[in-house]
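Residues per chain are reported as follows:
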Amino acid sequence: MSAPPTSDALVMFGATGDLARKQLFRAVYRLAHRGLLRVPVLGVALDDWSTDDLRERARTAIAEAGEPIDDRVMDELLRSLRYVRGDYRDPSTFVSLKEALGGAKSPLLHLAVPPSLFSDVADGLAEVGLNRGGRLMVEKPFGHSAASAEELNRRLLAHYDESQIFRLDHYLGKEPLRNLMVLRFANAILEPLWSRERVAAVKLTMTEAFDVSDRGSFYDATGTLKDVVQNHLLQMATLIAMDEPASEDADDLRDKKVEAMSTIRPLESSDVVRGQYLGYLDVDGVAPDSTTETFAAVRLAFESDRWRGVPFLIRTGKALEETITQIDVEFRRPVRPLFLNDECPINRLTIPLKPAGHPSLTLISKSPGEAMSPRAVRYEAIEEHGGGEPPKAYELLMEEAMKGDQTLFARVDGVEASWRAVDGVVADPGPVHVYERGSWGPPEAAALAADAGGWPERAA
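A short tour of the structure in this document, coming up. What you are looking at is a predicted structure, and each value in this text was computed from that prediction instead of being measured. The numbers attached to residues start from 1 for each chain and follow its sequence in the written order. Local features are withheld for residues below a pLDDT of 70 in this predicted model, meaning they are given only at 70 or higher, and side-chain atom pairs are given and counted only at 80 or more; totals for whole chains, interfaces and linings count all residues. Where side-chain values are given, they derive from all heavy atoms of the structure, hydrogens and water being excluded.

Attention now moves to the sheet that holds strand 4 (residues 108-111). One open sheet holds the six strands; their spatial order is 3-2-1-4-5-6, and the pairing between them is parallel. The open sheet is flanked by strand 3 (81-85) and strand 6 (165-167), the only strands paired with a single partner. Ignoring which end each strand starts from, the neighbouring axes of this sheet average 20° apart. For two strands to pair, DSSP has to find at least two bridges joining them. Helix and strand assignments follow DSSP, with helices taken as H or I runs no shorter than four residues and strands as E runs no shorter than two, numbered in order from the N terminus. Sheet analysis places strand 2 (residues 41-45) next to strand 3, joined by five bridges and oriented parallel. Within strand 3, the residue paired with valine 44 across the bridge is valine 84. In this description, contact between two residues means that some pair of their heavy atoms is separated by no more than 4.5 Å. Lines fitted to the C-alpha atoms define the axes, with helices restricted to the stretch that makes contact. Angles between their N-to-C directions range from 0 to 180 degrees. Together, strand 2 and strand 3 form the strand contacts of helix 3 (residues 71-80), whose direction differs from that of strand 3 by roughly 30°.

Turning next to the pattern of salt bridges. When a carboxyl oxygen of Asp or Glu lies within 4 Å of a side-chain nitrogen of Lys or Arg, that pair is called a salt bridge. Scanning the entire structure with this criterion turns up 35 salt bridges. As a salt-bridge pair, arginine 411 and aspartate 255 come within 2.8 Å of each other at their nearest N and O atoms. With arginine 411 in the loop between helix 10 (393-403) and helix 11 (412-427) and aspartate 255 in helix 9 (residues 250-261), this residue pair connects regions lying 156 residues apart in the sequence. Between arginine 265 and glutamate 303 there is a salt bridge, with its nearest N and O atoms 3.9 Å apart.

Once that is clear, we can look at the pairing of strand 4. Burial of strand 4 is two-sided: the residues Leu108 and His110 facing one way and the residues Leu109 and Leu111 facing the other way are all buried. Summarising the sheet, strand 1 (residues 10-13) and strand 4 pair through four bridges and their orientation is parallel. Residue pairing for strand 4: methionine 12 is matched across the bridge by histidine 110. Inspection of the sheet shows strand 4 paired to strand 5 (residues 135-138) by four bridges, in the parallel sense. By the bridge assignment for strand 5, leucine 108 is matched with arginine 135. As a crossover connection, the stretch from strand 4 through helix 5 (residues 118-127) into strand 5 is right-handed. Summary of the burial criterion: residues with accessible area below 20% of their type's maximum are buried, those above 50% are exposed, and those between are partly exposed, where the area comes from a 1.4 Å probe applied to protein chains only. By definition, the crossover connecting two strands over a helix is right-handed if that path, from the first strand to the second, turns clockwise as seen with the strands pointing away from the viewer.

This part takes up the nonpolar core. We call a set of buried residues a nonpolar core when its members are Ala, Val, Leu, Ile, Met, Phe, Trp, Tyr or Cys and they connect through side-chain atoms within 4.5 Å of each other. Ranked by internal contacts, the top residues of the largest apolar core, which has 118 residues, are Phe13, Leu37, Leu97, Leu125, Leu300, Phe312 and Ile327. The leading source of residues in this core is helix 8 (residues 216-241), at ten residues. When near neighbours in sequence (up to four residues on either side) are disregarded, leucine 125 contacts Phe13, Phe94, Leu97, Leu109, Leu130, Asn131, Leu136 and Tyr160. Formed by 19 residues, the second largest nonpolar core is a distinct cluster that contains Val286, Phe295, Ala319 and Trp455.

Attention now moves to the side chain of threonine 207. Relative to the elements of secondary structure, threonine 207 occurs in strand 7 (residues 199-207). Those residues in contact with threonine 207 that sit more than four places away from it in its chain are Arg315, Thr316, Gly317, Leu320, Glu322, Thr323, Ile324 and Trp440.

What follows is about the sheet that holds strand 11 (residues 324-331). Taken together, nine strands build an open sheet; the order of strands is 14-13-12-11-7-10-9-8-15 and the sheet is mixed. Among the strands making up the open sheet, the edge pair consists of strand 14 (374-380) and strand 15 (432-435). On average, adjacent strands in this sheet sit at an angle of 20° to one another, irrespective of strand direction. As paired strands, strand 12 (residues 348-354) and strand 13 (residues 360-366) are joined by three bridges and run antiparallel to one another. Within the sheet, the bridge partner assigned to arginine 348 lies in strand 13 and is threonine 362.

The next point concerns helix 5. Working note: α-helix, 3.6 residues per turn, so residues spaced by three or four point in the same direction. Most of helix 5 sits out of view: seven of its ten residues are buried. Following helix 5 by one or two positions, glycine 129 adopts a phi angle in the positive range, close to 80°.

Below, the discussion takes up the packing of aromatic side chains. The description of an aromatic ring pair rests on the distance of the ring centres and on the angle between the ring planes. Stacked, tilted and edge-to-face are the three classes assigned to paired rings of Phe, Tyr and Trp, where Trp is represented by its six-membered ring and a pair needs centres within 6.5 Å; plane angles under 30 degrees give stacked, over 60 edge-to-face, the rest tilted. Counted by the stated rule, this structure contains nine aromatic pairs. Between phenylalanine 13 and tyrosine 88, the ring centres sit 5.8 Å apart and the planes meet at 65°, which makes this aromatic pair edge-to-face. Of the two residues, phenylalanine 13 sits in strand 1 while tyrosine 88 sits in the loop between strand 3 and helix 4 (91-101), which places them 75 residues apart along the sequence. Here the two residues phenylalanine 13 and tyrosine 88 agree in accessibility, since each one is buried. Aromatic side chains tyrosine 277 and tyrosine 280 sit 5.7 Å apart centroid to centroid with 80° between the ring planes, which places their arrangement in the edge-to-face category. Each of the two residues, tyrosine 277 as well as tyrosine 280, counts as buried.

This part is about the environment of valine 412. Residue position: valine 412 is located in helix 11. Sequence separation between valine 412 and phenylalanine 166 is 246 residues; the distance between their C-alpha atoms is 9.7 Å. Discounting chain neighbours no more than four positions away, the residues touching valine 412 are Asn153, Leu157, Glu162 and Arg167.

Next up on the list: the side chain of threonine 407. Secondary-structure assignment places threonine 407 in the loop between helix 10 and helix 11. For threonine 407, a relative accessible area of 17% corresponds to the buried category. One polar contact links threonine 407 to aspartate 405, side chain to side chain, over a distance of 2.6 Å. Ignoring sequence-local partners within four residues, the contact set of threonine 407 consists of Ala250, Leu253 and Arg254. Think of a polar contact as two N or O atoms within 3.5 Å of one another; within protein, one of them needs to be a possible hydrogen donor and the other a possible acceptor, and neighboring residues in sequence only count if both atoms come from side chains.

Put simply, lysine 140 and proline 141 share a cis peptide bond, and its omega is -5°. Along the chain, the position of proline 141 falls in the loop between strand 5 and helix 6 (146-157). In the segment running from lysine 354 into proline 355, the intervening peptide bond is cis, with an omega of -10°. Here proline 355 shows up in the loop between strand 12 and strand 13. For serine 213, which is not a glycine, the phi torsion comes out positive at approximately 60°. Among the structural elements, serine 213 can be located in the loop between strand 7 and helix 8.

What follows covers the packing of helix 1 (residues 18-33) against helix 3. It is at 10 Å that the axes of helix 1 and helix 3 come closest, and there the two elements cross at 120°. Relative to helix 3, the crossing made by helix 1 is right-handed. Residues Val28, Tyr29, Ala32 and His33 of helix 1 form the contact with helix 3, whose participating residues are Val73, Met74 and Leu77. When residues are sorted by character, Ala, Val, Leu, Ile, Met, Phe, Trp, Tyr, Cys and Pro go into the nonpolar class, Asp, Glu, Lys and Arg into the charged class, and all the rest, Gly among them, into the polar class. When the residues that make up the contact of helix 1 with helix 3 are grouped by side-chain class, the tally is six nonpolar, one polar and no charged. By definition, any crossing whose near helix is turned counterclockwise from its far helix by less than a right angle is left-handed, and any crossing with a clockwise turn is right-handed.

This is the structure:
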């Protein structure tokens, strides 16, 4: 089978927004710096900007991101930028876009717009024929429930083939998560340990010390379960839970991810503890009687032969003690625990994502100079990156989408399976508990992890 053509243009819907300023212009510059972006780049938005305004915003955003600037690369990139102004619900916007694209046959069309506009943009692109050969890269959240995700998929698939749709979760572009697949399937020593016979619990932490800040309106309509659990954290859990794929092919990999996702027992309110930090109700845009959660502790169950009975414990939220994203795979104690005591930790594989770090393995070793006294020792994988800094998440995802490689993107059945897992608790979430800022969340969350050794209090 021949490789799909590389995209011959990049279109950024939402080019005047925060995501473009904070992430996308930097990603575009880094691709250009690596010689991977020699195509026109068009920004589309409603704001009354000119092409010069867009170029100045791009220059400023790239500098503010801390990128070392190569003037030649920057000048070439800025010359490639053009701005198309228009309303996403106005057909003339898409006529203007098609004209600006000239003869481009396979543009990458990135929708960094509010989810309520995804269908409108897809419809407008199809009206002028830009669905033929084009690729649609769609940001999260993809729907707000199982029914809405299914409807959005129906609308997109009316114009685009599944092979043209790239449902983006930027966490899957992060280096440690991509490394997790290699770590799992390229090391024969891990596979015999990777099941309920040897694993006691899997714990996923994604906590942030900062609060909702100026995003009150967005966050109050979304909440933690829909903002990060349904997508980022279920994706992370599935990378741990999936079986080995038949090959490295994108569909083989995604087959196994969807298969694992489909074994999650649908969440009920008893599986979740929700919290809301003290002071959240005072944030601009938040309803005075809001019960939206800014914290969630979740107990997942994968009901597969491999994982049945192993708790997958998730803790995530805002205004907590530390900013950490980390996976801990905790192993069972030996059947006959010689040389162990109750204070000694169990064996653990730790994969840090934020702050960035290296995988580490906690083993039990003898304390020096003492008679068979055990202690925990962490062995960390220190890697040499001879090729320089690895790509950033958005940089890599743009590169892969432009090549037509869907390995790091969610497929239609995967998105719908993830919504089915959380849909019940999103519709009927149970109470919300107030917690102090700078804590680890409401005390009620402790019960979910009590039989699994509790929550890790900080990064290992």
